[in-house]
Amino acid sequence: MTPKLRSIRTEIDKIDEELVRLLAERMDAIRAIGACKRDDKDAAILDAPRERAVAEAWAKEAEARGVSGYFVGRVLREVLNWSRRNQEATLGRDAEATPKRLRIAFQGTSGSYSELTIRKLFQIRMPGEEVTRLGRHTFKDAMAALLAGDADYVLLPVENTIAGTINEVYSLLNEHPVAIVDEEAWEVEHVLAGLPGASLEQIRTVRSQAVALQQCHRFLDELGCVAEAAADTAAAAHDLKAEGDPTVAAVCSEEAARDLGLDVLKRGISDQRINLTRFILIGHKPEPFDDRLPARTSILLSVNHRHGALAQCMQELAERGCNLSKLESRPLPEAPWEYLFYMDVEGRADQGPLADALEAMRPLTNRLQILGTYPRRVGVANDAVPMATPRTAQEEKIEEPAAPVCKPNLNLKNVARHDDTRTVVRVGPVEIGTSRFVLIAGPCAVESRKQIFDAAAMVKDRGAAILRGGAFKPRTSPYSFQGLGHEGVEIMQEAGRAYELPIVTEVVRPEDVDQVAVLADMLQVGARNMQNFGLLSKLGTVQRPVLLKRGMSATIEELLLAAEYIMAGGNHRVVLCERGIRTFETSTRNTLDLSAIPVLKSRTHLPVIVDPSHAAGRKDLVAPLALAAAAVGADGVIVECHPRPEEALCDKEQALVGDDLDRLVQALRPILESQQRHMDSKAPNEPDDGGPCFNGF
Ligand code: PEP
Ligand code: MN
């Protein structure tokens, strides 16, 4: 260290000492004010105008000295919070009656969040008193220490903003004649602690309490280590220290790491930025506190069987303006389908509106037990002090953002939806993605010239817009009919021309794409090929629209990325198709994922259609699923049909005949009308440039 650096640091140390000395002096003055307020029962504890005046004075001083107003405001907020809590300590408590040595039981070891919270709370409740903290293995053991008289109080967590309610603690409250006398919140900030000198790259195993491991799930996943559960966060740190293995780390509080001389390898490792735990302090009997302090009351009740009894209890509270901050129900093991309710209400059980409400609630309940009335410290906003200082002239020049800006998804550059603009894909003269609901119909496979011509006649008559038929069939078994190949495509093209229907047919190999693209109006990528990236890239280079079917085990994200392959190659004419995914269900060939349609519509501007035939594999289910597809906003359906299903070489169980198609179209019409959509090539009264497109919901 250079002499200059050393001398500056000496200077800083002196300033810090002075800062702490001044803070201590300020706290002494605060306690003196507390003593005045104790004697003057009319004085308010929270003096908002006074706090605002102090904030303004700090802001002005900061500005004059060129210090950030925001920074000074943050410091002041902490100072005022702590001052107010210090005043509370001198109010209302009978100092003579409280023992000079206190023993507080908790679950865990030193450095656990419970133990840290005891340190925080008792600096307020009993400043200067000797507080012994008794760590126990379980909540039950900690409660037992109170019941046996080994401890004066027990501090237990009741809820966490991420993990929720801690039911075991409520069960203990239900079982024992104790009283809640205080509450405190702790902001949980997990760190990853390792042995001195250890590095993040070395770590192979991470230990902590199970809930803490869950709360850091994302970070631990990325780290790729083995997670092992320990009794509590601090115990994991203690074990690590004792074992001395540099490949092991612990998730614990920064305080635990510091107390044990461990290195903090990483801070800010929780999945959620805000992670608060509320603790309650439990004693043998209720304790009075100053009437001017905000209060909370915890209640335990079970209602009698009369219809609406719980609702009426709530009503009694609401009518008197009693704010309910928590309501939790727990089953009563000894009485199936009966519940015990835990409530937290603002106010005092023995005074004012809450006392009246409780009186009115009593006849509606089988049991109504007050668990305690105690100072409300959690969730009390400090409204009096503005977060930042008043704006200066310079700060007035703030430009507000015009509209929320979405983070662009770089992986889905071409596919992602940015606004309400939808892509319309043209297949010959047919548009997919407008207010016209497009019916694509035809056989599974091209089997013969006669079969295709009969099929084309059949579907044209029933209002289909596009003819389907597979010439290259990707069959699961190598011994099944594989299709007629290029000859099949030629037959399709002839039938399409004869009946004025654009045709869609599947390609399975990149080397067939150019030749098929000459004859077909649309190229299909089947479910089995959705991630055939060579094929997708090839399709990106042709001037033909692509019908991209979702793989049977593909996620929506993977479907979108497959579309991105095609679009990244330059071909932007892509239509997505949901065709059922593989689940544990065996009564249908696949499970039609209907939610995929609105999800896709929210994520991409591309049109989305549904294939109910391959989803169900049963002809009786094709129509109901097609109707559902229309109802959830699909731009069309592709269905298999055959002039003589009994002769079909492929998928005969799911093939519709002409009458089935007729019925389907009839049933679709009212659904589409209710959405201002239609099935005809031109809607009634529609101008030539197309009507509004249906954007789902
Ligand atoms: C088809 O449409 O002919 C087909 C085989 O469908 P999928 O790829 O969805 O199974
Ligand atoms: Mn088929």
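If you're wondering where the values come from, they're calculated on a predicted model, not measured in any experiment.

Rules used in this analysis
Residues numbered from 1 in each chain as written. Chains lettered and ligands numbered in written order. Predicted model: local features only at pLDDT ≥ 70, side-chain atom pairs only at ≥ 80, totals over all residues. Heavy atoms only, no water. Buried < 20%, exposed > 50% of the residue type's maximum accessible area, 1.4 Å probe, protein only. Helix = DSSP H or I, 4+ residues; strand = E, 2+ residues; numbered from the N terminus. Pairing = 2+ DSSP bridges. Salt bridge = Lys/Arg side-chain N within 4 Å of Asp/Glu carboxyl O. pLDDT = per-residue confidence, 0-100. Contact = heavy atoms within 4.5 Å. Arc of directions from axis to C-beta. Right-handed = clockwise from strand over helix to strand, strands pointing away. Axes fitted to C-alpha atoms, helices over the stretch in contact; angles between N-to-C directions. Parallel < 35°, antiparallel > 145°, perpendicular 65-115°, else oblique. Left-handed = near helix turned anticlockwise from the far one by under 90°. Nonpolar A, V, L, I, M, F, W, Y, C, P; charged D, E, K, R; others polar. Near = heavy atom within 4 Å. Polar contact = N/O pair within 3.5 Å; in protein donor to acceptor, adjacent residues only side chain to side chain. Areas by Shrake-Rupley, 256 points an atom, 1.4 Å probe, with all protein chains shown as cover. Donors = N, O, S within 2.8 Å, 3.2 Å for Na, K, Ca; no water. Domains from an automatic or database assignment. 1 Å grid on protein atoms, 1.4 Å probe; cavity = no way out; pocket = protein on both sides within 12 Å on 5 of 7 lines; lining within 4 Å. Points joined across faces, edges and corners; volume = space filled by probe spheres on them.

The element strand S7 (residues 205-209) is extensively covered by neighbouring structure, given that 4 of its 5 residues are classed as buried. Note: S7 against strand S8 (residues 226-230), 5 bridges, orientation parallel. Residue pairing across strands places Gln-209 opposite Ala-230, the latter belonging to S8. Relative to strand S9 (residues 248-253), S7 is paired through 3 bridges, and the arrangement is parallel. By the bridge assignment for S9, Val-206 is matched with Ala-249.

Quick look at the pattern of salt bridges now. For the structure shown, the criterion picks out 44 salt bridges. Here Glu-346 and Arg-376 are joined by a salt bridge, their closest N and O atoms 3.8 Å apart. Residue Glu-346 is located in strand S14 (residues 339-346), and its partner Arg-376 is located in the loop between strand S15 (365-375) and strand S16 (425-427); the two are separated by 30 residues in the primary sequence. Relative accessible area serves as the criterion here: at 18%, Arg-376 is assigned to the buried category.

Reading fine detail from the predicted coordinates is not recommended where pLDDT is low. For the protein, mean pLDDT is 88; residues scoring 70 or higher make up 90% of the total. Note on residues 381-398: pLDDT under 50 across the span, and 27 contacts to partners over four residues away in sequence or across chains. Confidence drops under pLDDT 50 across residues 400-408; counting only partners more than four residues distant or on other chains, this segment forms 0 contacts.

So, on to helix H12 (residues 352-361). Listing the buried residues of H12 in full gives Leu-354, Ala-355, Ala-357, Leu-358 and Met-361. Down the axis of H12, the buried side of the element spans an arc of 165°, and every buried residue falls inside it. Considering only its buried residues, H12 is in contact with strand S12 (295-303), helix H11 (309-319), S14 and S15.

Another point: the pairing of strand S22 (residues 546-549). Along S22, one buried face is formed by Val-546 and Leu-548 and the opposite face, lined by Leu-547 and Lys-549, is buried too. Looking at chain direction, strand S21 (residues 522-525) and S22 are connected through 3 bridges and run parallel. What sits directly across from Leu-523, in S22, is Val-546. As defined by bridge partners, S22 adjoins strand S23 (residues 574-578) across 4 bridges and the pair is classed as parallel. Bridging across to S23, Leu-547 finds its partner in Val-575. On the question of chirality, the crossover connecting S22 to the parallel S23 by way of helix H17 (residues 556-568) is right-handed.

Attention shifts here to the packing of H11 against H12. Put simply, H11 and H12 touch, their axes get as near as 9 Å, and they point 160° apart. Here H11 lies roughly antiparallel to H12, going by the angle between them. For the crossing formed where H11 meets H12, the hand is right-handed. Residues Cys-313, Glu-316 and Leu-317 of H11 lie in contact with H12, whose contacting residues are Leu-354, Ala-357, Ala-360 and Met-361. Counted by class, the contact of H11 with H12 contains 6 nonpolar, no polar and 1 charged residues.

Let us look at the site of ligand 1. In the vicinity of ligand 1, the contacting residues are Arg-468, Lys-473, Gln-524, Gly-526, Ala-527, Arg-528, Lys-549, Arg-579, His-614 and Glu-640. Taking Lys-549, its side chain carries an N or O atom lying 2.8 Å from an oxygen atom of ligand 1. At 2.6 Å from an oxygen atom of ligand 1 is found a side-chain nitrogen or oxygen belonging to Arg-579. Burial of ligand 1 by the protein amounts to 96% of the accessible area it has alone, namely 290 Å².

In the first shell of the manganese ion (ligand 2), the protein supplies Cys-444 (SG), His-614 (NE2), Glu-640 (OE) and Asp-651 (OD), at 2.0 to 2.4 Å from the metal. For Cys-444, a relative accessible area of 4% gives the class buried.

In this section: the domain arrangement of the protein. The domain boundaries assigned to the protein delineate domain 1 (15-91), domain 2 (190-269), domain 3 (288-385) and domain 4 (440-655). The distance between the C-alpha centroids of domain 1 and domain 2 comes to 37 Å.

Here the focus is the sheet that holds strand S24 (residues 608-610). Backbone hydrogen bonds are what pair the strands of a sheet, in a parallel or an antiparallel way. If you trace the 8 strands once around the closed barrel, you get S18-S19-S20-S21-S22-S23-S24-S25, paired in parallel fashion. Taking each pair of neighbouring strands and ignoring which way they run, the sheet shows an average axis angle of 25°. Pairing of strand S18 (residues 438-442) with strand S25 (residues 636-640), which is carried by 5 bridges, proceeds in the parallel orientation. Counted as the bridge partner of Leu-439 is Val-637 from S25. The sheet strands contacting helix H18 (residues 596-603) are S23 and S24, and the helix crosses S24 at an angle near 170°.

Here we come to the layout of surface pockets. Here the second largest pocket is characterised by a volume of approximately 640 Å³. Around the second largest pocket, the lining is made up of 16 residues, and of these Leu-19, Leu-23, Trp-58, Val-75 and Val-79 lie nearest the centre. Here the residues of the lining of the second largest pocket are counted per class, giving 12 nonpolar, no polar and 4 charged.

Mapped onto the elements, Tyr-565 comes out in helix H17. Of the residues examined, Tyr-565 reaches a relative accessible area of 37% and is grouped as partly exposed. Between the C-alpha atoms of Tyr-565 and Cys-252, which are 313 residues apart in sequence, the distance is 44 Å. The contact partners of Tyr-565, leaving out residues within four places of it in the chain, are Phe-533, Leu-536 and Ser-537.

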